[in-house]
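Each chain is listed here by its residues.
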Amino acid sequence: MQVADKISRIIEHLVPQGDWDEKMQVIIAREIHRRLAEFEAVDLRFRQKYGLSLEEFEQRGMVKEKGYSFEVERDHQEWDAAVDALQSLREDLHELER
């Protein structure tokens, strides 16, 4: 069995309804939702840890306020990447759903 045949069979099991384009759209939307949940969890974790949104964290200069500690700088980088990913994924999902 060729790879394309295996993939087609698996896709058919995952999304039995619709044509190929509809099936791919469903699979991609599910993956976007999975990633959104992952990055939303990161955002929530840091919101709870610092009691601020990322925007408020940056406006208050928390990295400087916390003495440029490795932990705070690392948190900021991870948080910023997660929020950027959320924005991009939401745009991708909106585009997919049009």
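Look up: the structure comes first, before these words.
Counting restarts for each chain: residues are numbered from 1 in the order of the written sequence. For this predicted model, a pLDDT threshold of at least 70 governs which residues receive local features, and a threshold of 80 or more governs which side-chain atom pairs are given and counted, while totals over whole chains, interfaces and linings are taken from all residues. Only heavy atoms go into the side-chain values, all of them from the structure, while hydrogens and water stay out.

## Considerations on the packing of helix α1 (residues 3-14) against helix α2 (residues 20-50)
Selection rule: Only C-alpha atoms enter the line fits that serve as axes; for helices the fit covers just the stretch in contact. Angles between N-to-C directions range over 0 to 180 degrees. Note on conventions: DSSP H or I runs of at least 4 residues are helices, E runs of at least 2 residues are strands, and numbering of each starts at the N terminus. Orientation categories follow fixed angle ranges, with anything under 35 degrees roughly parallel, anything over 145 roughly antiparallel, 65 to 115 roughly perpendicular, and all other angles oblique. We call two residues contacting when some pair of their heavy atoms lies within 4.5 Å. Classification used: nonpolar for Ala, Val, Leu, Ile, Met, Phe, Trp, Tyr, Cys and Pro, charged for Asp, Glu, Lys and Arg, polar for all others including Gly.
The interhelical angle for the contact between α1 and α2, taken along N-to-C directions, is 70°, at an axis separation of 10 Å. If you check the angle between α1 and α2, you find them roughly perpendicular. Of the residues in α2, those in contact with S8, I11, E12 and L14 of α1 are W20, K23, M24, I27 and R30. Of the residues in the contact of α1 with α2, the class split is five nonpolar, one polar and three charged.

## A few points about the packing of aromatic side chains
Rule in force here: Put simply, two rings from Phe, Tyr or Trp (the six-membered ring, in Trp's case) pair if the centres are within 6.5 Å, and we call them stacked under 30 degrees between planes, edge-to-face over 60, tilted for the rest. By definition, being over a ring means that NZ of Lys or CZ of Arg is both within 6 Å of the ring centre and within 35 degrees of the ring normal.
On inspection of all chains with the given rule, the structure shows four aromatic pairs. Members of the aromatic cluster, connected to one another through ring pairs, are F46, Y50, F57 and W79. In this arrangement the basic side chain of R45 is found over the ring face of F46, its NZ or CZ atom lying 4.5 Å from the centre.

Note that every value here comes from positions in space, so none of it alone points to a role or purpose.
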